[in-house]
Amino acid sequence: MVMEQPRDGQDVDHSTLPPSLSAWLGHRREVHDTITPRTIAAFRAMLPGLLGPGTVPPGLHWCLAPDIAPSDELGRDGHPRPGMFQPAIPLPRRMWAGGELAIDGELIPNDSVTRISTVEAITPRSGRSGPLWFLTMRHHWQVKGRTRMDERQDLVFRADPASGAPTPAPPRAEPWPTAQRWPLTPDSTLLFRYSALSFNGHRIHYDHPYATEVEGYAGLLTHGPLQATLMLNLATEVVGHLPTRFSYRALTPLLMGEKISVEARRSDEGLDLRIRRERDGALTMAAHSSPAG
């Protein structure tokens, strides 16, 4: 499965949305969390040797201020039931599609962080695999009223797979000769730890029968935010500091147990980054950061 991408937000026409969805446009939610020493220690123990410099590891913000609901208020996939914290998109399967992060300063230990999340766009589309809906969220991560990170995040929703439907071939690439790379094989412990740290109940990351029999994947999936975290940390390692801008996009799902290479290569505009599957060169996620430093 190759992940289709949403249109630029300026091209979105919301006039045909049903009232149940258009009412969500501009919906704003504010959640608070604190960066504790325990959270930092757990994050570092989860990714030893795969973190860039900084007292708070890059990407830890994706584990802060999660949506929390009791078990009887969860949907079939383990997320809070549709319509609680996000609009009830009329398709059942949900994944990260991509996004862009503007960074204006580091987070530090014991920061009290406020995440302000706003529904920015809801877009129906037709893709190679059938109907799609894209949900664009805008997240502002603030400390003492100052925005440290401004993120556009795109989620994609799709129908359950049809029986016997072919799987599109993922994009493939040869190794970059001059790349800096981190090798990794995501295992069940890593997936469990990231789900726990981010309070992510999505069953595709731990429930094998659900992932394969309901959502149609070949196994358990490695989290999109975890892959983005790896690339953000490699970018920070290469240049010695957080980038000011980091864009990322999902290309194809990454199964647990697949040997991968997290790669970075300098370009005229900054750093190109990607996650490459070692056995066949398939790319599961790509990113770009700037400036190069």
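Residues numbered from 1 in each chain as written. Predicted model: local features only at pLDDT ≥ 70, side-chain atom pairs only at ≥ 80, totals over all residues. Heavy atoms only, no water.

(A) Up close: the packing of aromatic side chains. Following the criterion strictly, the structure yields 4 aromatic pairs and no others. Summarising the aromatic geometry, the rings of Trp62 and Trp96 are spaced 5.5 Å apart at their centres and angled 75 degrees between planes, so their arrangement reads as edge-to-face. Placement of the pair is Trp62 in the loop between helix H2 (37-46) and strand S2 (93-103) and Trp96 in strand S2, with a sequence separation of 34 residues. Relative accessible area serves as the criterion here: at 10%, Trp62 is assigned to the buried category. With relative accessibility at 13%, the residue Trp96 sits in the buried group. An aromatic cluster is defined as three or more aromatic residues linked by ring pairs; in this entry it consists of Trp62, Trp96, Phe246 and Tyr248. Positioned over the ring face of Phe85 is Arg29, at 3.9 Å from the centre of the ring. Cation over ring: Arg274 sits above Trp176, and NZ or CZ is 3.8 Å from the ring centre. (Phe/Tyr/Trp six-rings, centres within 6.5 Å; stacked < 30°, edge-to-face > 60°. Helix = DSSP H or I, 4+ residues; strand = E, 2+ residues; numbered from the N terminus. Buried < 20%, exposed > 50% of the residue type's maximum accessible area, 1.4 Å probe, protein only. Lys NZ or Arg CZ within 6 Å of the ring centre and 35° of its normal.)

(B) Focus on unusual backbone geometry. Residue Pro291 is reached from Ser290 by a cis peptide bond, and omega for that bond is -5 degrees. Mapped onto the elements of the fold, Pro291 is located in the segment after strand S10 (283-290). The phi dihedral of Lys144 falls on the positive side, at around 55 degrees, and the residue is not glycine. Summarising the element assignment, Lys144 is placed in the loop between strand S4 (130-143) and strand S5 (146-158). The class for Lys144 is exposed, based on a relative accessible area of 85%. In the Ramachandran plot, Phe199 falls in the positive-phi region, its phi being about 50 degrees despite a non-glycine side chain. For Phe199, the position within the fold is in the loop between helix H3 (188-198) and helix H4 (208-214).

(C) Spatial organisation of the sheet that holds strand S6 (residues 180-184). Spatially, S1-S3-S4-S5-S2-S7-S10-S9-S8-S6 is the arrangement adopted by the 10 strands of the open sheet, whose pairing is antiparallel. The sheet terminates laterally at strand S1 (28-34) and S6, the two strands that pair on one side only. The average angle at which neighbouring strand axes cross in this sheet is 20 degrees, direction not considered. Alignment of strand S9 (residues 270-277) against S10, held across 6 bridges, turns out to be antiparallel. (Pairing = 2+ DSSP bridges. Axes fitted to C-alpha atoms, helices over the stretch in contact; angles between N-to-C directions.)

(D) Representation of the pattern of salt bridges in the model. Following the criterion strictly, the structure yields 21 salt bridges and no others. With a shortest N-O distance of 3.0 Å, Glu258 and Arg279 are connected by a salt bridge. Separated by 21 residues along the polypeptide, Glu258 in the loop between strand S7 (245-250) and strand S8 (260-267) and Arg279 in the loop between S9 and S10 bring together distant segments of the chain. Since its relative accessible area comes to 58%, Arg279 is described here as exposed. Each of Arg172, Glu258, Arg277, Arg279 and Asp280 takes part in salt bridges that share partners, so that together they form one network. (Salt bridge = Lys/Arg side-chain N within 4 Å of Asp/Glu carboxyl O.)

(E) Local environment of the nonpolar core. Counting residues in hydrophobic clusters, the biggest one holds 59 residues, and the most contacted among them are Leu47, Trp62, Ile122, Phe246 and Leu273. A per-element tally of this core places helix H5 (residues 224-239) first, with 9 residues. With residues up to four places along the chain from it excluded, the contact list for Leu273 reads Trp176, Met231, Leu234, Ala235, Phe246, Glu263, Ala264, Ala286, Ala287, His288 and Ser289. Grouped together as the second largest cluster of nonpolar side chains are 12 residues, Met95, Leu132, Val156 and Tyr217 included. (Core = buried A, V, L, I, M, F, W, Y, C linked by side-chain atoms within 4.5 Å. Contact = heavy atoms within 4.5 Å.)

(F) Spatial organisation of the environment of Ala102. Topologically, Ala102 is positioned in strand S2. Sequence spacing of Ala102 and His140 is 38 residues, and the spatial spacing of their C-alpha atoms is 9.7 Å.

(G) Region of interest: the packing of H2 against H3. Two elements in contact, H2 and H3, have axes separated by 10 Å at closest approach and are oriented at 160 degrees. With respect to their mutual orientation, H2 and H3 come out roughly antiparallel. Taken as a pair, H2 and H3 cross one another with a handedness that is left-handed. Here H2 contributes Thr39, Ala42, Phe43, Ala45 and Met46 to the contact with H3, which in turn contributes Leu190, Arg193, Tyr194 and Leu197. Residues that form the contact of H2 with H3 fall into these classes: 7 nonpolar, 1 polar and 1 charged. (Parallel < 35°, antiparallel > 145°, perpendicular 65-115°, else oblique. Left-handed = near helix turned anticlockwise from the far one by under 90°. Nonpolar A, V, L, I, M, F, W, Y, C, P; charged D, E, K, R; others polar.)

Read these as spatial facts, not as claims about activity.
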